[in-house]
Amino acid sequence: MRYACFGEMHKRYQYEKRLIPLYQKRAELLSCPPKQAAAEAAAVAAAVAAGAPAVSDLAAEAPEDAGDTASVATPGLPGFWLAVLERDSRIRATLKDGDRAALLYCQDIRAEKRLRREEGFKLFFFFSENPFFSNQVLSKEFLMRPEGDDLVVSKTIGTDIQWKEGMDLTKSIRISKQRNIRTKEVRVLQTISEEKSFFRFFDFTEVPSPKAMKIMGEDDTRELFKRLSAEYDIAMILRDLIIPRAVNIYLGIEAGESASEESSEED
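Residues numbered from 1 in each chain as written. Predicted model: local features only at pLDDT ≥ 70, side-chain atom pairs only at ≥ 80, totals over all residues. Heavy atoms only, no water.

An unreviewed UniProt entry annotates the protein as Nucleosome assembly originating from Cyclospora cayetanensis. Its UniProt record gives the protein the following Sequence similarities (unreviewed entry) comment, quoted word for word: "Belongs to the nucleosome assembly protein (NAP) family." (UniProt positions renumbered as here; feature names shortened; annotations may be inferred.)

As structure tokens, this is what we get:
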């Protein structure tokens, strides 16, 4: 499976360096009260994404009756990052109700190129204080290794999410009671089940050696690469579409790439 080539990675790094100040300004505006953010939004929108609308259009997108929760992370445009993520069909398919509630606390999403010995890149989700976990930053790093002229993912480094008690979105707890027929005593049993969640994106995934893959078996190997491929696809949408085009996506000027592909298939 082809992921990237050296030339593409270098060109992207040079391009992304030029956008960093604009991303910083966008984050500042999102953290401002609505009126202050609207006063400067047009200039930032025009710089980050060509064809952005006027200030009044951007200001109008902020719901007047937005609740306190949506205003905590991005008061300039309450619920900004959740709205952007939901407008991409591929990411929207991974979101559960609990994920949406947690993502209302997302303040910013960034990406950076890996500058160490191994090639790769890293994604960062910044969060305000929230009832779900204590981490302020959740990150996902993709390490790449050369394979011919291309780069392929060798492993990913996720984040150990510090879930607050009873708030783990990746697990569900079912409580049942069991009565002893002889003693009549009742004991409480807890059954923990794994749940699908957007936050599983932050899990750690490592590609085993060819020898280890033989031991794993064909089904387990296929499942591993399926999961890794899905993680990489989401990472590419975040890095190449969501982060640089967030304002236009929020305003509906642009649809997510996966949404466009979905429409083409239906046609």
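Moving on, there is more to tell.
(A) Region of the structure containing the layout of surface pockets. Computed from the structure, the largest pocket encloses a volume of approximately 570 Å³. Lining the largest pocket are 16 residues, and of these Thr94, Ser197, Arg200, Arg227 and Ala230 sit closest to its centre. Tallying contributions element by element places helix α9 (residues 218-251) first for the lining of the largest pocket, with six residues. Along the lines of polarity and charge, the residues of the lining of the largest pocket split into five nonpolar, two polar and nine charged. (1 Å grid on protein atoms, 1.4 Å probe; cavity = no way out; pocket = protein on both sides within 12 Å on 5 of 7 lines; lining within 4 Å. Points joined across faces, edges and corners; volume = space filled by probe spheres on them. Helix = DSSP H or I, 4+ residues; strand = E, 2+ residues; numbered from the N terminus. Nonpolar A, V, L, I, M, F, W, Y, C, P; charged D, E, K, R; others polar.)

(B) Structural context of the packing of aromatic side chains. All chains considered together, the criterion is met by 19 aromatic pairs. The interplanar angle of 90 degrees and the centroid separation of 5.3 Å between the aromatic rings of Phe125 and Phe202 together place this pair among those described as edge-to-face. Placement of Phe125 in strand β3 (residues 119-127) and of Phe202 in the loop between β7 (186-194) and β8 (205-206) is noted, with a sequence separation of 77 residues between them. You'll find Phe125 and Phe202 in the same group, each marked buried. (Phe/Tyr/Trp six-rings, centres within 6.5 Å; stacked < 30°, edge-to-face > 60°. Buried < 20%, exposed > 50% of the residue type's maximum accessible area, 1.4 Å probe, protein only.)

(C) Region of interest: a nonpolar patch on the surface. A surface patch of nonpolar side chains, amounting to about 410 Å² of accessible area, comprises Ile173, Ile175, Val188 and Ile192. Those elements that provide at least two residues to the nonpolar patch are β6 (171-179) and β7. Relative to the assigned elements, Ile173 resides in strand β6. (Patch = residues over 30% accessible without salt bridge, like charges linked within 9 Å, V, L, I, M, F, W, Y side chains within 5 Å. Areas by Shrake-Rupley, 256 points an atom, 1.4 Å probe, with all protein chains shown as cover. Salt bridge = Lys/Arg side-chain N within 4 Å of Asp/Glu carboxyl O.)

(D) Looking closely at the nonpolar core. Counting residues in each nonpolar core, the largest one holds 51 residues, and the members touching the most others are Phe125, Phe127, Phe199, Leu238 and Ile242. Listing elements by their share of this core, those giving two or more residues are α1 (6-30), α5 (80-86), α7 (97-103), β2 (106-113), β3, β4 (137-147), β5 (150-157) and α9. Among the elements that line this core, the one with the most residues is α9, at 15 residues. Excluding its chain neighbours within four sequence positions, the residues that come into contact with Ile242 are Trp81, Val84, Leu85, Asp88, Ile91, Ile237 and Ile249. (Core = buried A, V, L, I, M, F, W, Y, C linked by side-chain atoms within 4.5 Å. Contact = heavy atoms within 4.5 Å.)

(E) Summary view of the side chain of Asn135. Its place among the elements puts Asn135 in the loop between β3 and β4. At 3.4 Å, the side chain of Asn135 and the backbone oxygen of Asp160 are in polar contact. Within the structure, Asn135 has its side chain in polar contact with the backbone nitrogen of Gln162 (distance 2.7 Å). With near-sequence residues (within four places) excluded, Asn135 lies in contact with Phe127, Thr159, Asp160, Ile161 and Gln162. (Polar contact = N/O pair within 3.5 Å; in protein donor to acceptor, adjacent residues only side chain to side chain.)

(F) Up close: α9. Arg245 marks where α9 bends most, by close to 80 degrees. Positive backbone phi, approximately 85 degrees, marks Gly252, located one or two places after α9. (Bend = angle between axes of the 7 residues up to and from the residue.)

(G) Structural view of the pairing of β5. In this structure, β4 lies alongside β5, joined through seven bridges in antiparallel fashion. The partner of Glu141 across the bridge, within β5, is Ile157. In sequence, β4 turns back onto β5 through a hairpin of two residues, with Gly148 there showing a positive phi of about 70 degrees. As defined by bridge partners, β5 adjoins β8 across two bridges and the pair is classed as antiparallel. Bridged to Thr156 within β8 is Thr205. (Pairing = 2+ DSSP bridges.)

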